[in-house]
Amino acid sequence: MHDTEIEDLKDAFGDLRVRQQGEAHYVRLASCRLPVGCKPTTAAVLLKLVGQSRPEIWVESGITGPHGGAPRSCTPDLVDGESWMKFSYNFAWAWEQGLVVFVGAALRRFEKH
């Protein structure tokens, strides 16, 4: 169902793993570049894809933003046995733009907070 989008993610971000659980596809991207000033410079990202619903996104814990502190409004979340940071960030996005654009736009959240 999401085969084309997953291939696009692989082309853009490299190493990834996909696991299906019921209707959901969990896509773990091993290394996504974070905005300038963040430490580390890359982080693993987890996406949950269910049909044409807006994807859910998590990022690995331990990010420091350009302001020198931990990102605001992030909550720890256990997903599939791993600890992740859940965050919210509102931005316009539609499936036609693709998942690569979604991930990039979501990670830009760390530029600000």
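Residues numbered from 1 in each chain as written. Predicted model: local features only at pLDDT ≥ 70, side-chain atom pairs only at ≥ 80, totals over all residues. Heavy atoms only, no water.

A. Main features of the environment of glutamate 96. For glutamate 96, the location among the structural elements is in the loop between β6 (82–87) and α2 (99–107). The exposed category is assigned to glutamate 96, whose relative accessible area is 73%. In the structure, glutamate 96 is positioned 42 residues away from arginine 54 in sequence and 12 Å away in space, judged by C-alpha atoms. (Helix = DSSP H or I, 4+ residues; strand = E, 2+ residues; numbered from the N terminus. Buried < 20%, exposed > 50% of the residue type's maximum accessible area, 1.4 Å probe, protein only.)

B. Molecular detail of a negative patch on the surface. A contiguous patch of negative charge, built from Asp3, Glu7, Asp8 and Asp11, is present on the exposed surface. Mapped onto the fold, aspartate 11 is located in helix α1 (residues 3–13). By relative accessible area, aspartate 11 is classed as exposed at 66%. (Patch = residues over 30% accessible without salt bridge, like charges linked within 9 Å, V, L, I, M, F, W, Y side chains within 5 Å. Areas by Shrake-Rupley, 256 points an atom, 1.4 Å probe, with all protein chains shown as cover. Salt bridge = Lys/Arg side-chain N within 4 Å of Asp/Glu carboxyl O. Lys, Arg positive; Asp, Glu negative; His and termini not counted. Charge placed at Lys NZ, Arg CZ, Asp CG, Glu CD.)

C. Geometry of the nonpolar core. Counting 29 residues, the largest nonpolar core has Leu9, Leu29, Leu47 and Val103 as the members making the most contacts within it. Of the residues forming this core, the biggest block, six residues, is contributed by α2. When residues no more than four places from it in sequence are discounted, the contact partners of leucine 29 are Leu9, Phe13, Asp15, Leu16, Ala43, Ala44, Val45 and Val103. Grouped together as the second largest cluster of nonpolar side chains are seven residues, Ala24, Tyr26, Leu46 and Trp58 included. (Core = buried A, V, L, I, M, F, W, Y, C linked by side-chain atoms within 4.5 Å. Contact = heavy atoms within 4.5 Å.)

D. Here's a closer look at unusual backbone geometry. Of note, the amide linkage connecting lysine 39 to proline 40 takes the cis form, showing an omega dihedral of -5°. Note on placement: proline 40 falls in the loop between β2 (24–33) and β3 (42–50). Look at serine 73: it is not a glycine, yet its phi comes out positive at around 55°.

E. Quick look at the sheet that holds β6. Strand order across the open sheet formed by six strands is β1-β2-β3-β4-β6-β5, with antiparallel pairing between neighbours. Each of the sheet's edge strands pairs with one partner strand only, and the pair in question is β1 (16–21) and β5 (74–79). Within the sheet, the average angular offset between the axes of one strand and its neighbour, ignoring direction, is 30°. In terms of strand pairing, strand β4 (residues 56–60) meets β6 through three bridges, oriented antiparallel. By the bridge assignment for β6, tryptophan 58 is matched with lysine 86. (Pairing = 2+ DSSP bridges. Axes fitted to C-alpha atoms, helices over the stretch in contact; angles between N-to-C directions.)

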